[in-house]
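Tertiary structure, described
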Amino acid sequence: LLLETHQGKGSAYVAHNKVEIDVARDAEVTRIVLIEEPEDAISVTNADVRLEAGGRYRQTIVTTGAKLQRIETQLSHGAEGADARLDGLYLLKGSRHADLTSVVDHLAADGTTSQLTKGMVADQARGVFQGRIVVEKGADQTDARMGHHALILSDKAEIDAKPELLIFADDVSCAHGNTIGALDDEVLFYAEQRGIPEAEAKAMLTQAFVGEVIERIEHEAARAVAAAW
């Protein structure tokens, strides 16, 4: 288990972090990344992950953004029973920005990837999701799923999403989905009619929306840390 936190203090700093992770044959790695930086910071985080046959890699990123922020994951998928899960959650307000970018390259047959990213942006914040899954020639029986779902809580907020599948093999099962919307007014009205204040109702709905990403963390202690954060 890797529990990684990025917490900055000070003003207008620039940070560039890089991590390389090798998941050996039949090994398992869980990486939880919690990022909370000042609103005027600029930061880039790169992760290069190599997943060998039979290995399991679990990654969850939770961020509140910065002035400019990019969190990028490049995963080389050895397949042959290897399984990857790449999840993300961005919660942005003010004029914060966060870019979650990932590329998963399936190099051999019989590999799985599951990816779920959720976001919520308010005020004048901007969220970016760029996800690409590549299934190389010969990587048959690949099963890859990618989903990005976000809520916009202000008419001045912005979300840009670009999910991609590039498939060069036969006999694969791949899918991607993307939804962007606002809180359901009918549900809010229903809650208010039952005496729940508007602010509390919105908090309940947004917590339920983003909570799915946290619940997918299999490691119990890591899930508790992320939920508390």
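Please read all numbers here as calculations on a predicted model, not as lab measurements.

Moving on, we get to helix α2 (residues 198–215). The periodicity of an α-helix, 3.6 residues per turn, causes residues three or four positions apart to be oriented the same way. Between its terminal C-alpha atoms α2 stretches 25 Å, which fits the 26 Å expected from 18 residues at 1.5 Å a residue. The axis of α2 is deflected most strongly, by about 30°, at F209. When α2 is considered as a whole, its buried residues turn out to be A201, T206, F209, V210, G211, V213 and I214.

With that settled, the discussion passes to empty space enclosed by the protein. It is the rolling of a water-molecule-sized probe over the atoms that shows where space remains empty. Under the counting rule described, the total for this entry stands at one cavity of 30 Å³ or more. Each pocket or cavity is described by its volume, and for the largest cavity that value is around 100 Å³. In terms of lining, the largest cavity is formed by 13 residues, of which the most central are Q59, I61, L100, S102 and Q115. Those elements giving two or more residues to the lining of the largest cavity turn out to be β5 (56–63), β6 (68–77), β7 (83–92), β8 (97–106) and β9 (112–121). Counted by class, the lining of the largest cavity contains five nonpolar, seven polar and one charged residues.

According to the stated counting rule, one finds zero aromatic pairs in the structure shown. In this structure, K118 packs its charged tip against the face of F209, placed 4.3 Å from the ring centre.

Okay, the side chain of H106 next. Looking at the secondary structure, you find H106 in strand β8. When its relative accessible area of 0% is taken as the criterion, H106 is described as buried. Those residues in contact with H106 that sit more than four places away from it in its chain are H77, G111, T112, T113, I133, V134, V135, E136, A139, T142 and A144.

How each quantity is defined
Residues numbered from 1 in each chain as written. Predicted model: local features only at pLDDT ≥ 70, side-chain atom pairs only at ≥ 80, totals over all residues. Heavy atoms only, no water. Helix = DSSP H or I, 4+ residues; strand = E, 2+ residues; numbered from the N terminus. Expected span 1.5 Å × (residues − 1). Bend = angle between axes of the 7 residues up to and from the residue. Buried < 20%, exposed > 50% of the residue type's maximum accessible area, 1.4 Å probe, protein only. 1 Å grid on protein atoms, 1.4 Å probe; cavity = no way out; pocket = protein on both sides within 12 Å on 5 of 7 lines; lining within 4 Å. Points joined across faces, edges and corners; volume = space filled by probe spheres on them. Nonpolar A, V, L, I, M, F, W, Y, C, P; charged D, E, K, R; others polar. Phe/Tyr/Trp six-rings, centres within 6.5 Å; stacked < 30°, edge-to-face > 60°. Lys NZ or Arg CZ within 6 Å of the ring centre and 35° of its normal. Contact = heavy atoms within 4.5 Å.

All we've got here are geometric facts, nothing functional implied.
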